[in-house]
2 protein chains.
Amino acid sequence: MLVFKSGKGFMYGVPTLTDVARLAGVSENTVSRVIRNKGPIADSTRTRVTSAIEELGYVPNRAAGSLASSGSMLMGVLLPSLSNIVFPEVLRGIHSALASTEYQALVGVTDYDALTEQGIVSSLLAWKPAAIIMTGFDHTDATRRMLENSRVRVAELMDIDAEPIDIAIGLSHRKAGYDSGRHLISRGYRRFGYVGHDWTADRRARKRYEGLCAALLEAGLTLKAEQRVDGPSSTIAGRDTLARLLTKKPDIEVVVFSNDDMAVGGFFHCLSAGIAVKEKLGLFGFNGLDIGQSLPAPLSTVRSNRFLIGQTAVEKLLESSERPLERQIVDTGYVIIEGATA
Amino acid sequence: MLVFKSGKGFMYGVPTLTDVARLAGVSENTVSRVIRNKGPIADSTRTRVTSAIEELGYVPNRAAGSLASSGSMLMGVLLPSLSNIVFPEVLRGIHSALASTEYQALVGVTDYDALTEQGIVSSLLAWKPAAIIMTGFDHTDATRRMLENSRVRVAELMDIDAEPIDIAIGLSHRKAGYDSGRHLISRGYRRFGYVGHDWTADRRARKRYEGLCAALLEAGLTLKAEQRVDGPSSTIAGRDTLARLLTKKPDIEVVVFSNDDMAVGGFFHCLSAGIAVKEKLGLFGFNGLDIGQSLPAPLSTVRSNRFLIGQTAVEKLLESSERPLERQIVDTGYVIIEGATA
DNA sequence: GGAAAATATGTTAGCGCTGAGATAATGTTT
DNA sequence: AAACATTATCTCAGCGCTAACATATTTTCC
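Computed from a prediction, not measured in an experiment: that's the story for all the values here. (Residues numbered from 1 in each chain as written. Chains lettered and ligands numbered in written order. Predicted model: local features only at pLDDT ≥ 70, side-chain atom pairs only at ≥ 80, totals over all residues. Heavy atoms only, no water.)

**Student:** Give a description of the domain arrangement of chain A that names residues and reports values.
**Tutor:** In many reports, interface size means the accessible area that the parts give up when they come together. Segmentation of chain A into domains returns domain 1 (3-60), domain 2 (72-172 + 307-335) and domain 3 (173-303). The centre of domain 1 of chain A, based on its C-alpha atoms, is set 36 Å off from the matching centre of domain 2 of chain A. (Domains from an automatic or database assignment.)

Here it is in structure tokens:
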């Protein structure tokens, strides 16, 4: 291992700024400025410093930097879950936008629990992150207060149906549900069923449901049957739940599912039960997942742009480190995918 | 906003340890010890301190803590991609194990690129993480050197077919491929096809392929046909690629896919093309994803325990902060799922 | 009852970096 | 050649916390 002089004598171990400065024959501050590309530096100096860094294999200590500058290149990310493919996709968008920057993601998973979220927010803030990305609008008062006091920029993703703390990025789930209903009604469907999952956790699913009901009501219709499972959405759950729904009400024309996972499960049920999809029973999902589109009959659904949401969040947050005067809402929109199942 | 006395006079803003100490009427160190639960503290003192913390809404500054103790409660996580569902599942395992601790995950995505990985490792190390979790064994020399010098604990996940830096957790993909082959041979299959994806990125898929070929060779057989797509695995890719394979060689009895995504796509192709799965054409995947098991005919495949891998990694790493003398290998195993497609 | 042990708290010196302002070296203008 | 910019560099005081050690204070035990 290398031996070199440091602050108070000979040291073994990790080299510091001081060591680099000594080797390059410049002051610590100059090294610091070379590293951070800040202020004017003579080319010759820069070269000497960079080669000293190279030679020592110096890696800056971010904790020290963060402490001195009371800021960090960290971006806090809070996701409700990683089980639902939607959130890894958001995270993918976040990472893709982060890739071209120096920022790094500090990720926490809340399990759809506002108190867990609160704890994570608190420990995130302890790192003085540049910004925090969270999901939805369900936060505890304490969480809101912490975020308020910290003055850190905050993006709330997925949903835009409420007033954000700072900036919201996503789509109107209520409207998406409503439009789904309108779309299906315009296709001639009248006898609607609904298959969903637990919506105490997934509030957005509920908003879509409400939008759907509003569209039906407006057309003088109602849901003829609905069935919800306890627990998260899954293909299996969709399959079983559609089966149960059809046992109770066999004369449904179209089923709207809480999301694509459920709908794909529904598709599989039809396959097993020999139900002609679309002719006999229409299926409609939400999200526009790949899996749905690769089905023998591409799923009729709504494309939510998860990747884009994550990506946009990062871009918007990095535009300015100060919260803008006006709360901002970015609608990433959605597209109804015709598909072949409804 | 609160006004209180700090180090050098009145300050507005975020309270520090000093403020808490002053309010509670104890020394800073005592507050620090209350927070970190270290050393003996009288109950009365603890109460005074915690209520001072409460009152001020004090949040410790981790950067300062990390600097002072030259360590952090961060765990670096490097994943090659988030597109392949497998890695979010590993991440889920990691988070689930982390949830009961104070540690937090600092996540980076390498895009299967060793140089990108190197850059991320370098910036991770800058935070003095407690440990680093990475995937596979393909690292640059510089990466190895940095990890070596830093002395942090390192887990290499997914694969156990090589010598780890510190600890490897996963399964033998070569053996899994081999066993798949043996299994299918024992089921009477003789005319094998293979449908895969780009394996310059996904080395493990290649190892499984090699294991499969070894099993065939041992039985005096060979692959009758194989088809690989450029690019990552996906349902669509599996579907199209199987179609192409069958055009070239229609008399295959069973197709082994590089993974479940591809195999599910293959299943969909059979559905569209009216090919009786299993009777006419066996399908075999790898991973044991939910989607494969929820197919009308559960996919025959191999269950890799991704969640467990992530979870085990964290547990093992936290067992000791020092690298053990012996490099360690943890085999999380795999299970052949009979399924109904082969 | 006094020494030793156990418990509870305080004091002090940094950890490695950055920000602000001082200083030095160079170039430009009159 | 003096006066002024401009550019490049240095000095130094912290950022907020923790480790190590020193100092009470109480308990235990013979």
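**Student:** Any chance you could break down the protein's contact with DNA strand C for me, citing the residues and the numbers?
**Tutor:** Neighbouring DNA strand C are 26 residues; L17, S32 and Y58 of chain A together with R33 and T45 of chain B lie closest to it. Close to the protein, within 4 Å, the atoms of DNA strand C are drawn from sugar and phosphate at a rate of 62%. Within the backbone of A68 of chain B, an N or O atom sits 3.3 Å from a base oxygen of DNA strand C. Put simply, the parts of the chain that give the surface near DNA strand C at least two residues each are α2 (28-36) and α4 (62-69) of chain A together with α2 (28-36) and α4 (62-69) of chain B. Per-class residue counts for the surface near DNA strand C are eleven nonpolar, ten polar and five charged. (Near = heavy atom within 4 Å. Polar contact = N/O pair within 3.5 Å; in protein donor to acceptor, adjacent residues only side chain to side chain. Helix = DSSP H or I, 4+ residues; strand = E, 2+ residues; numbered from the N terminus. Nonpolar A, V, L, I, M, F, W, Y, C, P; charged D, E, K, R; others polar.)

**Student:** Hey, could you go over the environment of D251 of chain A for me, with residue numbers and the actual values?
**Tutor:** Residues and elements named next belong to chain A. Positionally, D251 belongs in the loop between α10 (235-248) and β10 (254-257). Between the alpha carbons of D251 and L281 there is a distance of 9.1 Å; along the sequence they are 30 residues apart. In this structure the side chain of D251 is engaged in a polar contact, spanning 2.7 Å, whose partner is the side chain of R191.

**Student:** Explain the packing of helix α5 (residues 86-98) of chain A against helix α13 (residues 306-319) of chain A to me, using residue names and the numbers behind them.
**Tutor:** The relative placement of two packed helices is expressed as an angle between their axes plus a distance between the axes. Residues and elements named next belong to chain A. One can describe the packing of α5 onto α13 by two numbers: an axis separation of 7 Å at closest approach and a directional angle of 40°. The angle between α5 and α13 falls in the class oblique. The handedness of the crossing between α5 and α13 comes out as right-handed. Side by side, α5 and α13 meet where V86, E89, V90, R92, G93, I94, S96, A97 and L98 of the first sit next to R306, F307, G310, Q311 and V314 of the second. Residues of the contact of α5 with α13, tallied by class, amount to seven nonpolar, four polar and three charged. (Axes fitted to C-alpha atoms, helices over the stretch in contact; angles between N-to-C directions. Parallel < 35°, antiparallel > 145°, perpendicular 65-115°, else oblique. Left-handed = near helix turned anticlockwise from the far one by under 90°. Contact = heavy atoms within 4.5 Å.)

**Student:** Pulling in residues and values, what's your account of the pattern of salt bridges?
**Tutor:** For the coordinates displayed, the defined rule picks out 28 salt bridges over all chains. Taking the shortest distance from any N to any O, the salt bridge between D138 of chain B and R203 of chain B comes out at 3.3 Å. Within this pair, whereas D138 of chain B is found in the loop between β5 (131-135) and α7 (141-150), its partner R203 of chain B is found in helix α9 (residues 203-218), the two being separated by 65 residues in sequence. Taking the relative accessible area as the measure of exposure, D138 of chain B reaches 39% and is therefore partly exposed. The partly exposed category is assigned to R203 of chain B, whose relative accessible area is 43%. Connected via shared salt-bridge partners are E148, R153, D166 and R323 of chain A. (Salt bridge = Lys/Arg side-chain N within 4 Å of Asp/Glu carboxyl O. Buried < 20%, exposed > 50% of the residue type's maximum accessible area, 1.4 Å probe, protein only.)

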